[in-house]
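Next come the chains, spelled out residue by residue.
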Amino acid sequence: MSVAELEQFFRLDSRALEALAGKRRPATKLGWAVQWETVRMLGTFLAEDPLDVPREVLEFVAEQLDIDPACAPEYLTRPKTAYEHAWEIRDLLELAEFSKREQEVRDYVAARVWSTIEGPRALFDRAVVHMLREGILLPTGITTLTRLISEVRRQEHARLYRTLAERAGPELRARLTALLQVPADR
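Parameters and conventions
Along each chain, residue indices are assigned from 1 in the same order as the chain's sequence is written. Reporting of local features is limited, given that this is a predicted model, to residues whose pLDDT is at least 70; pairs of side-chain atoms are given and counted only at 80 or more, and all residues count toward the totals for whole chains, interfaces and linings. Here the side-chain values reflect all heavy atoms present in the structure, with hydrogen atoms and water set aside. In this text, helices come from DSSP runs of H or I with a minimum length of four residues, and strands from runs of E with a minimum of two, each type numbered from the N-terminal end. Throughout, a residue-residue contact means that at least one pair of heavy atoms, one from each residue, lies within 4.5 Å. Like-charged residues are merged into a patch within 9 Å and nonpolar side chains (Val, Leu, Ile, Met, Phe, Trp, Tyr) within 5 Å, provided each residue has over 30% relative accessible area and no salt bridge. Computed with a 1.4 Å probe, the accessible areas rest on the Shrake-Rupley method; for each residue, only the protein chains presented here act as cover. For salt bridges, the criterion is a side-chain nitrogen of Lys or Arg within 4 Å of an Asp or Glu carboxyl oxygen. Centres within 6.5 Å make a pair out of two Phe, Tyr or Trp rings, where for Trp the six-membered ring is used; the pair is then stacked when the planes are under 30 degrees apart, edge-to-face when over 60, and tilted otherwise. For each residue, the accessible area found with a 1.4 Å probe, counting protein chains only, is set against the maximum for its type, and the residue is called buried under 20%, exposed over 50%, and partly exposed in between. Our definition puts a charge over a ring when NZ of Lys or CZ of Arg is within 6 Å of the ring centre and also within 35 degrees of the ring normal. What counts as an axis is a line fitted to C-alpha atoms, over the stretch in contact for a helix, and the angles between N-to-C directions run from 0 to 180 degrees. Here roughly perpendicular refers to angles of 65 to 115 degrees, roughly parallel to angles under 35, roughly antiparallel to angles over 145, and oblique to all remaining angles. Handedness of a helix crossing follows the sense of rotation of the near helix relative to the far helix, less than a right angle counterclockwise being left-handed and clockwise being right-handed. We call Asp, Glu, Lys and Arg charged. Ala, Val, Leu, Ile, Met, Phe, Trp, Tyr, Cys and Pro are nonpolar, and the rest, Gly among them, are polar. Put simply, a nonpolar core is a bunch of buried Ala, Val, Leu, Ile, Met, Phe, Trp, Tyr and Cys residues held in one set by side-chain atoms that sit within 4.5 Å of each other.

Draft legend 1. Just the environment of Leu137, in detail. You can see Leu137 is positioned in the loop between α7 (120-134) and α8 (142-167). In this structure the C-alpha to C-alpha distance between Leu137 and Pro183, which are 46 residues apart in sequence, comes to 54 Å. If we skip the residues at most four places from it in the chain, Leu137 touches Val39, Gly43, Thr44, Phe45, Arg90, Leu95, Ala96, Glu97, Phe98 and Met131.

Now the structure itself:
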């Protein structure tokens, strides 16, 4: 990770530093700060290992806090701490759980499917950006969002096809159907 990326994504702001003032142990401060910056960058918490970040990220955050990054493993000795910090950060940043705003994400994806020709990858990327902008936490596994996009695309394409079929008169439908019949010599 470049210095510019570290500065952009992992520089602790005044809100983070203010919230960190109440934390006592160096490992607790470091773990909390890494979670704060990770969720701001990725839109999700690293559920299995909140410190599963590149070494330079850990060192950059530790340097800001004047903490030795070698203390990081201590943060994981009590697993519940990371969850408690995630909940605290979620509330401080006013982030919404995906399950509570899933319909909003579905509506956003549906509107994009209806009005663009974007494929699944582009829709996924747009949905992530939308969720980051709107303060919606990404679901823990990308398969949840991938399935949602696939399902919404299927539904919206079916709706589009129904709409087109309803608007096509009997003559046009007959001509289109005739196009599907391939002569034996072709």
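Draft legend 2. Focus on a nonpolar patch on the surface. The grouping of Trp114, Leu160, Tyr161 and Leu164 at the surface amounts to a nonpolar patch, some 410 Å² of accessible area in total. The element that contributes the greatest number of residues to the nonpolar patch is α8, accounting for 3 residues. Position of Trp114 relative to the elements: it lies in helix α6 (residues 98-115).

Draft legend 3. A look at the packing of aromatic side chains. Tallying each qualifying case throughout the model produces 2 aromatic pairs. Considering the side-chain rings of Trp32 and Trp36, the 5.2 Å spacing of their centres and the 20° angle between planes classify their relative orientation as stacked. Of this pair, Trp32 and Trp36 both sit in helix α3 (residues 26-42), separated by 4 residues, roughly a single helical turn. Grouping residues by exposure puts Trp32 and Trp36 together as buried. The interplanar angle of 35° and the centroid separation of 6.4 Å between the aromatic rings of Tyr83 and Trp87 together place this pair among those described as tilted. Taken together, the positions of Tyr83 and Trp87, both in helix α5 (residues 79-92) and 4 residues apart, correspond to about one turn of that helix. One Lys or Arg, Arg159, reaches over the ring of Trp114 and ends 4.1 Å from the middle of that ring.

Draft legend 4. Broad picture of the pattern of salt bridges. Here the structure, examined in full by the defined rule, presents 18 salt bridges. The shortest N-O distance in the salt bridge between Arg101 and Glu104 comes to 2.8 Å. Note that Arg101 and Glu104 are positioned in helix α6 at a spacing of 3 residues, about one turn of the helix. Between Glu156 and Arg159 there is a salt bridge, and its shortest N-O distance comes to 2.8 Å. Placement of both Glu156 and Arg159 in helix α8 is noted, with a separation of 3 residues, approximately one turn of the helix. Take Arg159: its relative accessible area is 37%, and that puts it in the partly exposed class. A single network of salt bridges, built from pairs that share partners, joins Asp13, Glu37 and Arg40.

Draft legend 5. Quick look at the packing of α3 against helix α4 (residues 55-65). One way to put it is that α3 packs onto α4 with a least axis distance of 10 Å and a crossing angle of 120°. Accordingly, the angle class assigned to the pair α3 and α4 is oblique. Handedness of the crossing formed by α3 with α4: right-handed. Only Leu58, Val61, Ala62 and Leu65 of α4 make contact with α3, whose side of the interface consists of Lys29, Leu30, Ala33 and Val34. Residues belonging to the contact of α3 with α4 are distributed by class as follows: 7 nonpolar, no polar and 1 charged.

Draft legend 6. Spatial organisation of the nonpolar core. Counting residues in each nonpolar core, the largest one holds 32 residues, and the members touching the most others are Leu12, Leu30 and Val61. Elements supplying a minimum of two residues to this core: α1 (3-10), α2 (14-20), α3, α4 and α5. Ignoring anything within four residues of it in the chain, the contact list for Leu12 reads Leu17, Leu20, Ala33, Trp36, Glu37, Val61, Gln64 and Leu65. Val105, Met131, Leu138 and Leu145 belong to the second largest nonpolar core, which has 17 residues in total.

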